[in-house]
Protein chains: 2
Amino acid sequence: MSADWFRRRFLPRGPLPAQRPPRPRASPVPYRRPRFLRGSGSSSGTADASRRPDARPVRSPVRGRSLPWNAGYAEIINAEKSEFNEDQAACGKLCIRRCEFGVEEDQEWLTLCSEEFLTGHYWALFDGHGGPAAAILAANTLHSCLRRQLEAVVEGMVATQPPMHLSGRCVCPSDPQFVEEKGIRTEDLVIGALESAFQECDEVIGRELEASGQVGGCTALVAVSLKGKLYVANAGDSRAILVRRDEVRPLSSEFTPETERQRIQQLAFIYPELLAGEFTRLEFPRRLKGDDLGQKVLFRDHHMSGWSYKCVEKSDLKYPLIHGQGRQARLLGTLAVSRGLGDHQLRVLDTNIQLKPFLLSVPQVTVLDMDQLEPQEEDVVVMATDGLWDVLSNEQVARLVQSFLLGNREDPHRFSELAKMLIRSTQGTDDSPIQEGQVSYDDVSVFVIPLHHQGQGHSSH
Amino acid sequence: MSADWFRRRFLPRGPLPAQRPPRPRASPVPYRRPRFLRGSGSSSGTADASRRPDARPVRSPVRGRSLPWNAGYAEIINAEKSEFNEDQAACGKLCIRRCEFGVEEDQEWLTLCSEEFLTGHYWALFDGHGGPAAAILAANTLHSCLRRQLEAVVEGMVATQPPMHLSGRCVCPSDPQFVEEKGIRTEDLVIGALESAFQECDEVIGRELEASGQVGGCTALVAVSLKGKLYVANAGDSRAILVRRDEVRPLSSEFTPETERQRIQQLAFIYPELLAGEFTRLEFPRRLKGDDLGQKVLFRDHHMSGWSYKCVEKSDLKYPLIHGQGRQARLLGTLAVSRGLGDHQLRVLDTNIQLKPFLLSVPQVTVLDMDQLEPQEEDVVVMATDGLWDVLSNEQVARLVQSFLLGNREDPHRFSELAKMLIRSTQGTDDSPIQEGQVSYDDVSVFVIPLHHQGQGHSSH
């Protein structure tokens, strides 16, 4: 992606062309639930005729089907928000092949791919919006993108420290020292691969949706275990936390129009054309109206983390670029997340104003060193879509996890049972810790990944 | 500042005009040391003929002259780096007047300014580069800008919670609720005032330097006490830390081409014209050369926090936008800081490539709640320019502070003695905790601000 590309794509110089619906050239992405749920209930997963809470089953893998690291999983469809469950999930083994270099001749290398050079594991949650298609494509695609990106740099992951040149040749004797001084470690290559994989997957989704004439986007939260480390990559408002006996630690942070206000306002400052004169980039405590004209009201702009007062002009009465508070906050009145995959065609209703320029597909990645952590018996990572976190705090989830695991030491399916229990806790049942009126009507999907006895023997030839 | 302004100023469409030296219309800013050092030694402060360490005196206020909160101060000029000490300092009482509203008639208010409505205190350090002028102007000006910005919003600081409208009139009955939901507090107005004051001061410096035909820039680190809170605003690579009996807490973070890499690379991605084809925005472990062409080498771009490999093309051999490591890191080969005041005319040597578009004048502000802190006898804030932190870690400074204060409970000038001791510790004397070769040859300036028994009775009519 280049700046020119950005300009060509998002900043047409002439009048905006009328928005034309994409012409489908491929068949639509079929709706499905995650493969590892096969045999666990209604396979279509579409809405029941009556979508009362007790009619919406909590689904999890059938007993006997085990997920990587014996992780648990459960999900529930939303209460009449959409026809389909727009969440998707994926997990599996990640097999990275190595291209071994043979004889070098005139810059042409003979490459031999060994079968499995590095293996890791992968768990992913995707929370779709505007239809289920983008989340399904992401669940089908992202792990392949990640494998490809990791294979492209795996030679650099072999040494204790990544070499300056992927070939391992030392052009300059002090190259290792330059890499050392920059503090570049193997984990930086994995982070880079995750960043590239998210972007590649976003491009694939864009092409596929255009070809099939579908629309939509999704968030992506991914955990990857590789060489003794657990990487958590997040783009959107899902969340992962580490729960230990005496500790709750966030492993991701959310990207919403509120948390990314300054980045989004700054883009609108640089490219005011993106707002087409219809929105104001400034933030006010509420949408302004005629009575506010000429008054000094609280506001903030892209460069401010504090607040100040400005005299209200007519242009300040426009609809705000970011509007609403907390869960209600929307970008351009349309979208509740500011990072994710897809949404290539998304426009503000009845306008040509595009959302995509304001969205990032690049994730934030945090790294958990399993050797340093020395995981104990009850240590788990809980990954869930926003439906869970909207009604339960990190601490509430941690308490539920801790007390459940203490009372269920033997059941081999206890992590899926735990995931189911967490989802039931969002549905306002009697034993739920949530308060009246805080029931989740959203799709909810949860992975519980146990860390004990895992992440060892991570490298295999 | 608008995007159009940015484009007009930094992105000329035609060929770049030849750089013409500004025509001086005003007399140059005279060199001086801080006013509160009067009587403490050579008033010119220029270089001694022999600038050996023992010939460079550590200066601090004369005994009997007390600074706000009985703070201590000391400074030393650099060892032959420049003719003048390019650091500057300022401190004093901050008196905020209130414009009281009288009878309202046809939108015109009768305003009455009471003498002192709110009082606070102010300590500031400025570390100049490219000459002492910008730092002197900042020391002369920033507190006035801050007073003006605070006076502009002081009506909003009166209530428990800032009102939506500065006039206090409630246009919409739920306005207080909107402000509440946004979580806007009095301290956000102070943060906003600090952000605006830094920008206003930057504009003043730009005008003054252009008028006097001088050049240069400076960092700015400011501490402000107001209504029971201590605000620390930082733009540059100076640093403030809180030192308590059992705690060391950073109150600022540094803004350098390294710490702001992604912001700077992103600007170059958006406006490639800013590099005039002379620089590459990509980061590599070292500057690339012909031998690297066609090889896959480690790199990262603006959207990456991890690293990946790319095949080296000819354009990658250009000089990097950010080059060097740690203290040696430079923006466009020229500047070691990425935030600060001034530098309006600064260009890459022998080119028309401007530095200013990459620099921010807006500070990051942290807030210390004095009531929550309940400061004890030995609790202090240490503010210093980078000359101190280049050779002493936060922990080393904290240990020096703690042991000094334990042994000096009675001396009323002990905080200036402590500041002097900290500076002597950077000069490689026998009792210094720093290692051989880690002597500071830079200008060093230090404030030590005691917190015990301070910040009370903060509001006066």
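Values in this document were obtained by computation on a predicted structure and should not be read as measured data. (Residues numbered from 1 in each chain as written. Chains lettered and ligands numbered in written order. Predicted model: local features only at pLDDT ≥ 70, side-chain atom pairs only at ≥ 80, totals over all residues. Heavy atoms only, no water.)

Draft legend 1. Molecular detail of empty space enclosed by the protein. Residue and element names in this part refer to chain A. Taken as a whole and assessed by the stated rule, the structure comprises 3 cavities of 30 Å³ or more. Each pocket or cavity is described by its volume, and for the largest cavity that value is around 50 Å³. Along the walls of the largest cavity sit Gly206, Leu209, Glu210, Val215, Gly216, Asp343, His344, Gln345 and Leu346, which together make up its complete lining. Taken together, the residues of the lining of the largest cavity sort by class into 3 nonpolar, 4 polar and 2 charged. (1 Å grid on protein atoms, 1.4 Å probe; cavity = no way out; pocket = protein on both sides within 12 Å on 5 of 7 lines; lining within 4 Å. Points joined across faces, edges and corners; volume = space filled by probe spheres on them. Nonpolar A, V, L, I, M, F, W, Y, C, P; charged D, E, K, R; others polar.)

Draft legend 2. Up close: the domain arrangement of chain A. When the domains of chain A are assigned, the result is domain 1 (64-100 + 116-255 + 361-429 + 438-450) and domain 2 (261-336). The distance between the C-alpha centroids of domain 1 of chain A and domain 2 of chain A comes to 34 Å. (Domains from an automatic or database assignment.)

Draft legend 3. Molecular detail of helix α8 (residues 394-407) of chain B. All names here are of chain B. Over its 14 residues, α8 runs 20 Å from end to end, which matches the ideal 20 Å to within 8%, given 1.5 Å per residue. Residues of α8 that are buried: Asn394, Val397, Ala398, Leu400, Val401, Phe404 and Leu405. Buried residues in α8, looked at end-on, bunch into an arc of 165°, giving them a common side. Projecting away from the buried face of α8 at angles above 90 degrees are the exposed residues Arg399 and Gly407. Next to the buried residues of α8 lie β8 (239-244), β9 (247-250), β18 (380-384), α7 (386-389) and α9 (414-424). (Helix = DSSP H or I, 4+ residues; strand = E, 2+ residues; numbered from the N terminus. Expected span 1.5 Å × (residues − 1). Buried < 20%, exposed > 50% of the residue type's maximum accessible area, 1.4 Å probe, protein only. Arc of directions from axis to C-beta. Contact = heavy atoms within 4.5 Å.)

Draft legend 4. Structural view of the sheet that holds β8 of chain B. Residues and elements named next belong to chain B. Taken in spatial order, the 5 strands of this open sheet run β1-β19-β18-β8-β9, and their pairing is antiparallel. A single partner strand is all that each edge strand has here, and the edge strands are β1 (72-76) and β9. Averaged over all pairs of adjacent strands, the angle between strand axes in this sheet comes to 15°, irrespective of strand direction. Where β18 lies against strand β19 (residues 444-450), 5 bridges are found, and the strand directions are antiparallel. Counted as the bridge partner of Val381 is Ile449 from β19. (Pairing = 2+ DSSP bridges. Axes fitted to C-alpha atoms, helices over the stretch in contact; angles between N-to-C directions.)

Draft legend 5. Main features of the side chain of Glu283 of chain A. By the secondary structure assignment, Glu283 of chain A is in the loop between β10 (279-280) and β11 (296-299). A polar contact is formed between the side chain of Glu283 of chain A and the side chain of Arg300 of chain A, at a distance of 2.6 Å. A polar atom in the side chain of Glu283 of chain A sits 2.7 Å from the side chain of Lys182 of chain B. (Polar contact = N/O pair within 3.5 Å; in protein donor to acceptor, adjacent residues only side chain to side chain.)

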